[in-house]
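# Residue-level structural notes
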Amino acid sequence: MNVWLMNLKDNRDNAEVDGTEKKFKFCKEKNIVGIGWVDYKKNKIKDLGYERAKAAIERFQYGDLVWVKDNVNKKYYICKINDNSNKITEEECNNYDISEYRFCQYYYVGDSDKLPKSINERDLVSISTIRRANEDIANATVDFFKTFTTENKDTSVSHGIKQKTKRTIIIGMTIVFFIVAAIVCSSIFATKKKIKKD
């Protein structure tokens with residue numbers, strides 16, 4: 001398992017002042033971490049920053065942990081890379097300056113005072129878009145993450161999906177109930193019929 005530090009920001013020259021805020025919110029809603037430079041990718045423009053960020057995010061592996069920060073609300077999150085299959089459109093990527101991304105689960109940490117004792121804010125600053133955490137930070141992060149529970153999962157934006165899933169489960173269970181009831185009734189009827197014949 002690798003541990004990474006990542007900046008979720010809008011890299012476009014003409015980005016709005018709140019572009020980074022919108023991008024972070026979108027990434028959290030879609031459970032992804034993504035790099036910018038979408039215009040460079042579309043226009044095949046060579047850029048060292050983009051190439052380095054692209055190479056780094058392509059090295060993310062299932063189960064890796066990624067520190068990210070909501071710079072507007074000053075809240076920290078740890079993202080665990082997974083193989084989610086949510087669909088994200090090209091238009092959405094263009095709107096939020098996302099050229100490459102990986103699926104993940106966001107885990108809420110909180111303010112800087114909620115960071116593990118062996119990690120401070122300076123440790124989580126990355127000059128580049130993505131950098132691998134050093135051994136001390138990585139070990140401290142892994143140990144810290146082991147204390148997390150499902151309560152740390154950020155579910156603020158997946159409520160609608162969960163509600164839909166819940167309804168689907170209820171419908172499925174109802175159908176199964178009626179099928180089982182029909183089988184039981186049929187069995188009882190057949191048994192009574194056999195008894196009458198005897």
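The shown structure was predicted, so the numbers you read here are calculated from the model rather than taken from an experiment.

## Side note on the overall build of the chain
Helix and strand counts for the chain come out as six helices and six strands. Helices and strands appear in the chain in the N-to-C order β-α-β-α-α-β-β-α-β-β-α-α. Across the 198 residues of the chain, 36% fall into the buried class. Considering only contacts in the chain between residues 6 or more positions apart, those separated by 24 or more positions represent 72%. When the accessible area of the chain is evaluated, it comes to approximately 12900 Å², of which 53% is carbon and sulfur surface.

## Looking at the nonpolar core
Formed by 27 residues in total, the largest nonpolar core has its most connected members in Met-6, Val-33, Phe-60, Val-68 and Tyr-106. At the level of elements, strand E1 (3-6), helix H1 (19-30), strand E2 (32-35), helix H3 (48-57), strand E3 (65-70), strand E4 (75-81) and strand E5 (100-110) are the ones that each hand at least two residues to this core. The element that contributes the greatest number of residues to this core is H3, accounting for four residues. Leu-65, Tyr-76, Ile-78 and Phe-148 belong to the second largest nonpolar core, which has 18 residues in total.

## Focus on the side chain of Ser-99
One can find Ser-99 in the loop between helix H4 (90-95) and E5. A relative accessible area of 6% places Ser-99 in the buried class. A distance of 2.4 Å separates a polar side-chain atom of Ser-99 from the backbone oxygen of Gly-36. Setting aside anything within four residues of it in sequence, one finds Ser-99 in contact with Ile-35, Gly-36, Trp-37, Val-38, Lys-41 and Tyr-50.

## Here we look at a nonpolar patch on the surface
A surface patch of nonpolar side chains, about 400 Å² in accessible area, is lined by Ile-171, Ile-175, Ile-179 and Ile-183. Mapped onto the fold, Ile-183 is located in helix H6 (residues 159-197). You can call Ile-183 exposed: its relative accessible area is 55%.

So, how was this worked out
- Residues numbered from 1 in each chain as written.
- Predicted model: local features only at pLDDT ≥ 70, side-chain atom pairs only at ≥ 80, totals over all residues.
- Heavy atoms only, no water.
- Helix = DSSP H or I, 4+ residues; strand = E, 2+ residues; numbered from the N terminus.
- Buried < 20%, exposed > 50% of the residue type's maximum accessible area, 1.4 Å probe, protein only.
- Contact = heavy atoms within 4.5 Å.
- Areas by Shrake-Rupley, 256 points an atom, 1.4 Å probe, with all protein chains shown as cover.
- Core = buried A, V, L, I, M, F, W, Y, C linked by side-chain atoms within 4.5 Å.
- Polar contact = N/O pair within 3.5 Å; in protein donor to acceptor, adjacent residues only side chain to side chain.
- Patch = residues over 30% accessible without salt bridge, like charges linked within 9 Å, V, L, I, M, F, W, Y side chains within 5 Å.
- Salt bridge = Lys/Arg side-chain N within 4 Å of Asp/Glu carboxyl O.

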